[in-house]
Amino acid sequence: MTAAIEVRDATRVFRQSTGVFSGDRLIRAVDGVSFSVESGGCLGIVGESGCGKSTLARLILGLLPTTSGEVLVEGQRLADMDRKARARLIQPVFQDPFSSLNPRRRIRDIVAMPLQAQGITGRAQADRVEEMLVRVGLPGAIGDRVPAQLSGGQRQRVAIARALVLRPRIVVCDEPTSALDVSVQAQILNLLDELRRDLGLTYVFISHNLAVVEHISDRVAVMYLGRMVEQAGTDALFAAPKHPYTQALLASVLTPEPGLGVPDVGLGDLYPDPANVPPGCRFHPRCKLAQARCALEAPVPREVAGHRVECLLV
Amino acid sequence: MPEAPLLDVRGLRVRFNAQVEAVRGVDLTVERGQTHCVVGESGCGKSVSSLAVMGLLARGAKRSAAHMRFDGQDILGLSDTALQRLRGDRMAMIFQEPMTSLNPAYTIGSQMAEALTRHRKVGKQQALDRAAELLTKVGITAPGLRLAQYPHQLSGGLRQRVMIAMALMCDPELLIADEPTTALDVTVQAQILRLLRDLQAELGLAILLITHDLGVVARIAHKVSVMYAGEVVESASATDLFAAPRHPYTQGLLGCVPIPGKIKRGDPLGSIPGTVPRIADGFTGCGFRDRCAHAMPQCAVSVPQRDDGAGHRHLCHLS
């Protein structure tokens, strides 16, 4: 069976201009990342800001070309597909429903846009828009409003309706609930989960909130400075994280349990800088367990008890 | 007789225009050396309440209260200049986005020193020495280098540490922190919260912390007030609130939070149907009744304040 998404050694380099007299800096936002998502699965991707998770989302969506490596969607190379074919297969839901919806257009037209682009018009278009709005739990009358008249949760429902109106196979959610209040976040997570099961969708779910990722994903990948340092089934990853970075990340989750206090994450004061990647293991300057060889030797991913881990010490 | 709380606010009301009241009769007390968290969703009035305490509301906003006392002194009737002397000195505030609260055109050092030179009779160099000392205290290595840098040269976590150090320049007794870790990564959030906790233990700071994150509340608060639609609907010690939430809104909110390992994947999270109502003039009864599964006819008329003992109170017909 072909995987819904297969990413092979994908790398994306950005050139950052540092001024007139100094040369450009190269930022390897995604650096040799490989993974696959099986059809109907949900892969959660977590990591701190600047780890490359959003760049990876853009590579999977085909919004950015890879510098090297390739992305296959349902067995086809993304680079060989035209925009229309890609849009029928894979769709995004972004973080901020305030900026991802055109403020001057009516909701009905926003959701109809992907259909319009595919040449589906008239009655067929109107019916599918209507059906989709109902499916995401919006009242029919909302079609005539503009985004400013909607709440944050309603706007995110509109963004989901727009993503699903072409009946894609894969949805890439980049921080879909980060801008929402907890009660609304729960509504949107429940909706996304229900839609995935009912429509047989495949998700890539990117979030900095580990509790959210744990709830919705069946597999989790942890990114650090452009690399995927650990991948495993959600339960295995949360029960027994192997990589020291995953352990620190999980330790920093503040669950609403009073009496546990604030954990000591033990990552020190050094913040990762994507433009200045340390040699050897890129996590070694912040790693509690780091040894001398960690600064010299770059780890390669290995299979350890069902986890794919990139650490010399595991 | 127990010591009077450092901050004691009764019946705080804030309105922005003739029709809309953003804060409707809020009581808040912060004890010395303790953390009081105000938690709620966007638009509930939590930030406005904290700005009202600091006297930092936008022009045009009207503030009233039964009383508002800081260390026993009435601060409601203080003139702007008297309030300015207090602000940044005995009470200080930090905000969510350290990038927008720091001036991009001045170095960290000159911004930090200003806090001290404005409130105390000290020279620039003395103020800079104090700034360097505080940067070290908040866990910043090479303070000399940081003082000469501009805000854009620092990471988000470092900027928030600078904000905290700046707030501490005049040894405040009360620190008001509005979503201090919301813009930060979880790993950095934990570090900043530990820092606040350690500083509190060392300096006896009273902290009023505004947040939407129940995880933060559980881990750092002594006392919690849950706000909804401009009112405190429940307040209790952190232990009591999480163990036995009384108000349907608090119960609903706690059910919405995914907790790793606690809720089975595929099971829906709890959620609160509907949206926050717009509270216009003439509104009576409970602001939560349209979203509440237990709503009764009398909820549209009035809401009683219930005392559950041990400082636990909630605003509801249900006990």
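Given the structure is predicted, the values throughout are model-derived calculations rather than measurements.

Rules behind the numbers
Here the residue index of a chain counts from 1 through its sequence in written order. Chain letters start at A and ligand numbers start at 1, both assigned in the order the entries are written. Predicted model: local features are reported for residues with pLDDT of at least 70 only, side-chain atom pairs are reported and counted for 80 or more only, and whole-chain, interface and lining totals are derived from all residues. As a rule here, side-chain values come from all non-hydrogen atoms in the structure, and water together with hydrogens is ignored. In what follows, salt bridge is the name for a side-chain nitrogen of Lys or Arg lying within 4 Å of a carboxyl oxygen of Asp or Glu. Only runs of H or I of at least four residues qualify as helices and only runs of E of at least two qualify as strands under DSSP, and these elements are numbered from the N terminus. Relative accessibility decides the category of a residue: with a 1.4 Å probe and only protein chains considered, values under 20% of the type maximum give buried, values over 50% give exposed, and everything between is partly exposed. To form a nonpolar core, buried Ala, Val, Leu, Ile, Met, Phe, Trp, Tyr and Cys residues must be joined to one another through side-chain atoms within 4.5 Å. All domain edges in this entry derive from an automatic or database-based domain assignment. What makes two residues a contact is simply this: any of their non-hydrogen atoms within 4.5 Å. Between 30 and 60 degrees the pair is tilted, below 30 it is stacked and above 60 it is edge-to-face, where a pair is any two Phe, Tyr or Trp rings, Trp via its six-membered ring, whose centres lie within 6.5 Å. Buried area is understood as the total, over both parts, of accessible area removed when two parts are fitted together, assessed with a 1.4 Å probe. Residues are called lining when one of their atoms sits within 4 Å of a cavity or pocket point, these points coming from a 1 Å grid over the protein atoms alone, where a cavity is a set in which a 1.4 Å probe fits but cannot get out and a pocket is an open set with protein on both sides within 12 Å along at least five of seven lines. Grid points are joined across faces, edges and corners, and a volume is the space filled by probe spheres set on the points. Nonpolar residues are Ala, Val, Leu, Ile, Met, Phe, Trp, Tyr, Cys and Pro. Charged residues are Asp, Glu, Lys and Arg, and all others, Gly as well, are polar. Polar contacts here mean pairs of N or O atoms no more than 3.5 Å apart (in protein, one a potential hydrogen donor and the other a potential acceptor; neighbouring residues in sequence count only if both atoms are side-chain atoms).

Next up on the list: the pattern of salt bridges. Residues and elements named next belong to chain B. With the rule as written, the count across this model stands at 41 salt bridges over all chains. E231 serves as the salt-bridge partner of R24, at 3.2 Å between the closest nitrogen and oxygen. Here the residue R24 occupies a position in strand 2 (residues 21–30), and E231 occupies one in strand 11 (residues 231–237), the gap between them amounting to 207 residues. Considered together, R24 and E231 belong to a single accessibility category, that of buried residues.

Okay, the nonpolar core next. Counting 130 residues, the largest nonpolar core has I160 and F205 of chain A together with M112, V162 and I164 of chain B as its most contacted members. Both domains that meet at this core, namely domain 1 (7–90 + 171–273) and domain 2 (103–169) of chain B, each give it at least three residues. Contacts of F205 of chain A, omitting those with residues within four sequence positions, involve C42, L43, G44, I45, C173, P176, L189, L192, V212, V213 and I216 of chain A. L6, L57, L174 and L208 of chain B belong to the second-largest nonpolar core, a separate cluster that totals 32 residues.

So, about the environment of D96 of chain A. All names here are of chain A. Examined against the element boundaries, D96 turns out to sit in the loop between strand 6 (90–93) and helix 3 (107–117). Using a relative accessible area of 28% as the deciding quantity, one classes D96 as partly exposed. Taking the C-alpha atoms as reference points, D96 and A221, separated by 125 residues in sequence, lie 23 Å from one another.

Here we come to the packing of aromatic side chains. Evaluated as defined, the whole model comprises six aromatic pairs over all chains. Ring centres of Y228 of chain B and F288 of chain B lie 5.2 Å apart, and the angle between their planes is 85°; this geometry places the pair in the edge-to-face category. Of the two residues, Y228 of chain B sits in strand 10 (residues 223–228) while F288 of chain B sits in the loop between helix 11 (248–256) and strand 12 (305–307), which places them 60 residues apart along the sequence. Accessibility expressed as a relative area gives 3% for F288 of chain B, which makes it buried. Among the aromatic residues, ring-to-ring pairing joins Y224, Y245 and F283 of chain A into one connected group.

Right, let's talk about the interface of chain A and chain B for a bit. Put simply, an interface is often sized by how much accessible area is lost when its parts join up. Taken together, the contact between chain A and chain B spans 45 residues of the former and 47 residues of the latter. Where chain A abuts chain B, roughly 3,800 Å² becomes buried across the two surfaces, and 56% of that area is made up of carbon and sulfur atoms. Considering only the side of chain A, the residues that lose the most area to chain B are P256, V262 and Y271 of chain A, jointly responsible for 18% of the buried surface there. Where chain A meets chain B, there are three salt bridges. Mapped onto the side of chain A that touches chain B, the elements with two or more residues apiece are helix 6 (182–199), helix 7 (210–216) and helix 8 (234–239) of chain A. Residue contributions to the side of chain A that touches chain B peak at ten residues, all from helix 6 of chain A.

This part covers empty space enclosed by the protein. Leftover empty space is mapped by rolling, across the atoms, a probe with the size of a water molecule. Residues and elements named next belong to chain B. Considering all chains together, one arrives at four cavities of 30 Å³ or more under this definition. Counted as a void, the largest cavity has a volume near 90 Å³. Along the walls of the largest cavity sit 15 residues, with C286, C292, C299, C316 and H317 positioned nearest its centre. Here the lining of the largest cavity is composed, by residue class, of eleven nonpolar, three polar and one charged.

Let's shift gears to the domain arrangement of chain B. All names here are of chain B. What the domain assignment reports for chain B is domain 1 (7–90 + 171–273) and domain 2 (103–169). Placing the centre of domain 1 and that of domain 2 at their C-alpha centroids yields a distance of 26 Å. Residue-level contacts link 19 residues of domain 1 with 14 residues of domain 2. For K137, the salt bridge goes to E202, with nearest N and O atoms at 2.6 Å. Scanning the region where domain 1 abuts domain 2 turns up eight residue pairs in polar contact (both at pLDDT 80 or more). Elements supplying a minimum of two residues to the side of domain 1 that touches domain 2: helix 2 (80–86) and helix 8 (186–203). A per-element tally of the side of domain 1 that touches domain 2 places helix 8 first, with eight residues. For the side of domain 1 that touches domain 2, a count of residues per class yields eleven nonpolar, three polar and five charged.

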